[in-house]
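In case you want the letters, here they are:
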Amino acid sequence: NVLTVASGEAHTCALHAGGQVTCWGDNSRLQLGSSAVSERSYAPVEVPGLPANLTVLAAGADHTCAATTAGEAWCWGDNAYGALGDGLAGVGLRSPPVRTRRLALPVRALTAGKGHTCARVGDGAVECWGFNASGALGDDTALDSTVPVRPVGLKADMRQVRAGTDFTCALSAEGRVRCWGLNEAGQLGDGTRVHRAAPVDVSGLANEVVDLGTGVTSTCTVLRDGRVQCWGANAAGQLGDGTQTERAGPVVVLGLEAP
C-alpha cells in the first residue's frame, strides 16, 4: 500500500496509503525518525510521533520531511544547520519528528537537499530553510535560517521546486526555470560559475519546460516537445550530450528520440 518513496544519501522512506511513514537504512542522524532504532535498520520501521494523514514526502541527504493533508510540514533527522525548520540548529543536533515553524500554509510539495529544505506553499510561493552558505535558500544572504524564508524576486506561481545538494531550482507556471545557490559546476545554468544567493534565469532555455530535476551538481529539464536539456557537472557523462565537458548552460541530451 505504498504511494511514494523518497531516498536520501543512505536511507529511504515510504509513504503508505493510510498516511503512515516507514523508513530504513542509516539512522546515525535519526534519518529514520526514532532513537529507539540502532545506527541502522535493514527493514522498514514506522516513524513515531507523526500526525495522521500524511500526503507528501521528501528525503534530503540526512533528513526527511513530510506534509499532512492540512498542509503542515514535519521533519526529522540531521538539524546541524536548521534543515528541520523548527527554530533550532547546532553541531551534532538531530531530532525525531518536529513541526516546521512559521511556514505559510498549506504545503503543496516538499524537496530536500544536503542541508536545506524547500516547500511549495499556497498557490505556488516557495519557502526554504536550513544551510545557506552558498545561497541555497535564495534570500540574498549567506546566513543559515532555522525557519522558512522566501527567495527574493520569485513569483508565487511555481509549479515545481527541486533541491540539489547545495542549490535549488524552481519551475514557474509559464515554463520558466530559475535557480540559486552553489554554482561551482554551472548547475544553475546562468552561463557562469558564480554562486547566486538569489534566483537567476537559466540562460538560453525557452519557456517550454514541463518537468525539472536536480542532482548533486547537475540539473535537467523536460521540454514541451519531449526533448531533455541538462547542465552542470559532466565528468561521468551525466548531461548526456556525448561529452564529459562541464556545461554552464543547457545542452540537449542525445539519443532520446522515439524509436
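Residues numbered from 1 in each chain as written. Predicted model: local features only at pLDDT ≥ 70, side-chain atom pairs only at ≥ 80, totals over all residues. Heavy atoms only, no water.

Novice: What exactly am I supposed to notice about the overall build of the protein chain here?
Specialist: Within the protein chain one finds zero helices and 20 strands. Considered along the principal axes of its C-alpha atoms, the protein chain spans approximately 50 × 40 × 30 Å. A buried classification covers 54% of the 259 residues belonging to the protein chain. Taking all contacts inside the protein chain whose residues are at least 6 apart in sequence as the whole, residues at least 24 apart take part in 43%. (Helix = DSSP H or I, 4+ residues; strand = E, 2+ residues; numbered from the N terminus. Buried < 20%, exposed > 50% of the residue type's maximum accessible area, 1.4 Å probe, protein only. Contact = heavy atoms within 4.5 Å.)

Novice: Sorry if this is basic, but what is going on with the environment of aspartate 166 here?
Specialist: You can see aspartate 166 is positioned in the loop between strand S13 (158-163) and strand S14 (167-172). C-alpha separation for the pair aspartate 166 and phenylalanine 131, spaced 35 residues apart in sequence, amounts to 7.9 Å. Ignoring sequence-local partners within four residues, the contact set of aspartate 166 consists of Lys114, His116, Phe131, Ser134, Ala136, Gly181 and Leu182.

Novice: I'm lost on the state of the cysteines in this one. Help?
Specialist: Each disulfide consists of a covalent bond between the sulfur atoms of two cysteine residues. Applying the stated criterion across every chain, the model contains five disulfides. Across the disulfide from cysteine 65 sits cysteine 75; the S-S distance is 2.0 Å. Judged by the torsion about the S-S bond (110 degrees), the cysteine 65/cysteine 75 disulfide is right-handed. Of this pair, cysteine 65 sits in strand S6 (residues 63-68) while cysteine 75 is found in strand S7 (residues 73-78), placing the two residues 10 residues apart along the sequence. One exposure class covers both cysteine 65 and cysteine 75, and it is buried. Here cysteine 220 connects covalently by a disulfide to cysteine 230, the sulfurs 2.0 Å from one another. Residues cysteine 220 and cysteine 230 share a disulfide whose torsion about the S-S bond is about 110 degrees; that sign makes it right-handed. Note that cysteine 220 is positioned in strand S18 (residues 218-223) and cysteine 230 in strand S19 (residues 228-232), a separation of 10 residues in sequence. Residue cysteine 230 is classed as buried on the basis of its relative accessible area, which comes to 2%. The connectivity of the disulfide-linked cysteines in the protein chain, indexed sequentially, is 1-2, 3-4, 5-6, 7-8, 9-10. (Disulfide = S-S within 2.5 Å.)

Novice: Explain the sheet that holds strand S5 (residues 54-59) here, please?
Specialist: Each strand in a sheet pairs with its neighbour through backbone hydrogen bonds, running either in the same direction (parallel) or in the opposite one (antiparallel). As summarised here, the arrangement of the four strands in space is S5-S6-S7-S8, forming an open sheet in which the pairing is antiparallel. A single partner strand is all that each edge strand has here, and the edge strands are S5 and strand S8 (94-99). Going from strand to strand, the sheet's axes swing by 10 degrees on average, the running direction of each strand aside. Bridge count for S6 against S7 is five bridges, and the pairing is antiparallel. Directly across from cysteine 65, in S7, lies its bridge partner cysteine 75. (Pairing = 2+ DSSP bridges. Axes fitted to C-alpha atoms, helices over the stretch in contact; angles between N-to-C directions.)

Novice: Any chance you could explain the pattern of salt bridges here in plain terms?
Specialist: Opposite charge on two side chains lets them pair, provided their charged atoms get close. Going through the model one piece at a time under the given rule, you end up with nine salt bridges. When the shortest N-O distance is used, the salt bridge between arginine 176 and aspartate 201 registers 2.7 Å. In this pair, arginine 176 is assigned in the loop between S14 and strand S15 (177-181) and aspartate 201 in strand S16 (residues 196-201), connecting sequence segments 25 residues apart. Classification of aspartate 201 as partly exposed rests on a relative accessible area of 35%. Through salt bridges that share partners, Arg176, Arg178 and Asp201 make up one connected network. (Salt bridge = Lys/Arg side-chain N within 4 Å of Asp/Glu carboxyl O.)

Novice: Help me out: how do you make sense of the nonpolar core in this one?
Specialist: Among soluble globular proteins, nonpolar side chains are generally buried collectively. The biggest cluster of nonpolar side chains holds 15 residues, and the ones touching the most others in it are Leu103, Val107, Leu110, Ala119, Val121 and Trp129. For this core, the secondary structure elements donating two or more residues are S5, S6, S7, strand S9 (107-112), strand S10 (116-121) and strand S11 (125-130). Sequence-distant contacts of valine 107, defined by excluding residues within four places in its chain, comprise Ala67, Gly71, Ala73, Ala119, Arg120 and Val121. If you look at the next biggest cluster of nonpolar residues, it comprises 14 residues, including Cys13, Leu50, Leu54 and Ala66. (Core = buried A, V, L, I, M, F, W, Y, C linked by side-chain atoms within 4.5 Å.)

Novice: What should I look at first to understand the sheet that holds strand S2 (residues 11-16) in this one?
Specialist: Ordered in space as S1-S2-S3-S4, the four strands form an open sheet in which the pairing is antiparallel. Each edge of the open sheet carries a strand with a single partner, namely strand S1 (2-7) and strand S4 (40-46). With direction set aside, neighbouring strand axes in the sheet form an average angle of 15 degrees.

Novice: Quick question: what am I supposed to make of the side chain of threonine 12 here?
Specialist: Assignment of secondary structure puts threonine 12 in strand S2. Separated by 3.3 Å, the side chains of threonine 12 and serine 7 make a polar contact. Non-local contacts of threonine 12, meaning those with residues more than four positions away in its chain, are made with Ala6, Ser7, Thr22, Cys23 and Trp24. (Polar contact = N/O pair within 3.5 Å; in protein donor to acceptor, adjacent residues only side chain to side chain.)

Function-wise, these values are silent; they only describe arrangement.
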